[in-house]
Amino acid sequence: MSIASQIADIRRRMDLAARAAGRDPAAITLVAVSKTHHAAAVQEARAAGLVHFGENRVQEAASKFPPLRESGTPFTLHLIGPLQTNKVRQAVSLVDVIHTVDRPRLATALREEFNRTGRHLDCFIQVNTGREPQKAGVMPEEADAFIEACRTQYQLPVIGLMCIPPADGDPRPHFAMLRAMAARHALPSLSMGMTQDFEAAIAEGATHVRIGSAIFGSR
Ligand SMILES: *Cc1c(COP(=O)(O)O)cnc(C)c1O
């Protein structure tokens, strides 16, 4: 299937999932995760009407997206992978939204770079809902305090929370946990749901689904 028809299929499934949950499909943003795929695939997806793209590595985003930016085509680039503090400067110059704020040092570095550049990027705080040692994200028991600090102490424009549930098992309790946490802080956005589980994520309130392989093919 072409990228355009894969996108049409995903949009149809997103619409169905939203309606089944009594939600407005227009309130859910499809972030197309283009990691490992070439700029040509991104161009094709952009031509098919996709506006939001996600990359998990700063270096890879830097090799792919500046030409598209220079061509004047509007798009929004989301950083969805772990961000090292030594990459903050490059990331802030390159992307529009950061989904992976998860520790005080990173929050401090972002605050400084936002002040320096005047670019105040929307941020999601990543929560390690499954408490997996190999995964990024603030631990659930520390999340409330960290969210509060990001907003008051670090003064980041926090718009919501992000999670990646464990690969095995039911993702729904993780999505539900994230939703409850966001509600406690009156945060409007939830970045959750990938190719395997985006319909469940939409049922639990996802506002941003991050979909790679179902659009661009397997990696
Ligand atoms: C790769 C990736 C995705 C997309 O995964 P698919 O299963 O290909 O849809 C979503 N979120 C993050 C954080 C990723 O790294």
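Above: the structure in question.
This write-up is about the structure you can find in this document. Within every chain, residues take consecutive numbers counted from 1 along the sequence as written. Only residues with pLDDT of 70 or above have their local features reported here, since the model is predicted, and side-chain atom pairs are shown and tallied only from 80 upward, although totals for entire chains, interfaces and linings are computed over all residues. Where side-chain values are given, they derive from all heavy atoms of the structure, hydrogens and water being excluded.

## Things to note about the site of the ligand
For clarity, the threshold we go by: Throughout, near means a residue has at least one heavy atom within 4 Å of the molecule or strand. Polar contact is defined as a pair of N or O atoms within 3.5 Å, subject to the rule that within protein one atom must be able to donate a hydrogen and the other to accept it, and that residues adjacent in sequence are counted only when both atoms are side-chain atoms. Computed with a 1.4 Å probe, the accessible areas rest on the Shrake-Rupley method; for each residue, only the protein chains presented here act as cover.
Residues in close proximity to the ligand total 13 residues, the closest being Lys-35, Thr-195, Gly-212, Ser-213 and Arg-219. Ser-213 places a polar main-chain atom, nitrogen or oxygen, 2.8 Å from an oxygen atom of the ligand. In this structure, Arg-219 approaches the ligand through a side-chain N or O atom, which is 2.8 Å from an oxygen atom. In isolation the ligand exposes 390 Å². Once the protein is present, 91% of that is buried.

## Let's talk about unusual backbone geometry
Basically, it comes down to this: By definition, any uninterrupted DSSP run of H or I lasting at least four residues is a helix, any uninterrupted run of E lasting at least two residues is a strand, and each is numbered from the N terminus. The cut-offs for exposure are 20% and 50% of the maximum accessible area for each residue type, with area from a 1.4 Å probe on protein chains only; residues under the lower value are buried, those over the upper are exposed, and the others partly exposed.
Its identity as a non-glycine residue notwithstanding, Thr-36 has a phi of 70 degrees, on the positive side. For Thr-36, the position within the fold is in the loop between β1 (29-33) and α2 (39-47). Residue Arg-131 is not a glycine yet carries a positive backbone phi of 50 degrees. Mapped onto the fold, Arg-131 is located in the loop between β5 (122-126) and α7 (140-152). A relative accessible area of 46% means that Arg-131 is categorised as partly exposed.

## Details of helix α1 (residues 3-20)
Note on helix geometry: an α-helix contains 3.6 residues per turn, so any two residues three or four positions apart are oriented the same way. Heads up, the condition is: Expected helix span is computed as 1.5 Å times (number of residues minus one). The arc in question is traced by the directions running from the helix axis to the C-beta atoms. Here, residues are in contact when the closest pair of their heavy atoms is within 4.5 Å.
For α1, which comprises 18 residues, the first-to-last C-alpha distance of 26 Å matches the rise-based estimate of 26 Å (1.5 Å per residue) to within 8%. Those residues of α1 not exposed but buried are Ile-3, Gln-6, Ile-7, Ile-10, Met-14, Ala-17 and Ala-18. Projected down its long axis, α1 carries its buried residues within an arc of 105 degrees, all on one side. Across from the buried face of α1, at angles greater than 90 degrees, the exposed residues are Leu-16, Arg-19 and Ala-20. On the buried face of α1, the contacting elements are β1, α2, α9 (198-203), β8 (208-211) and α10 (213-216).

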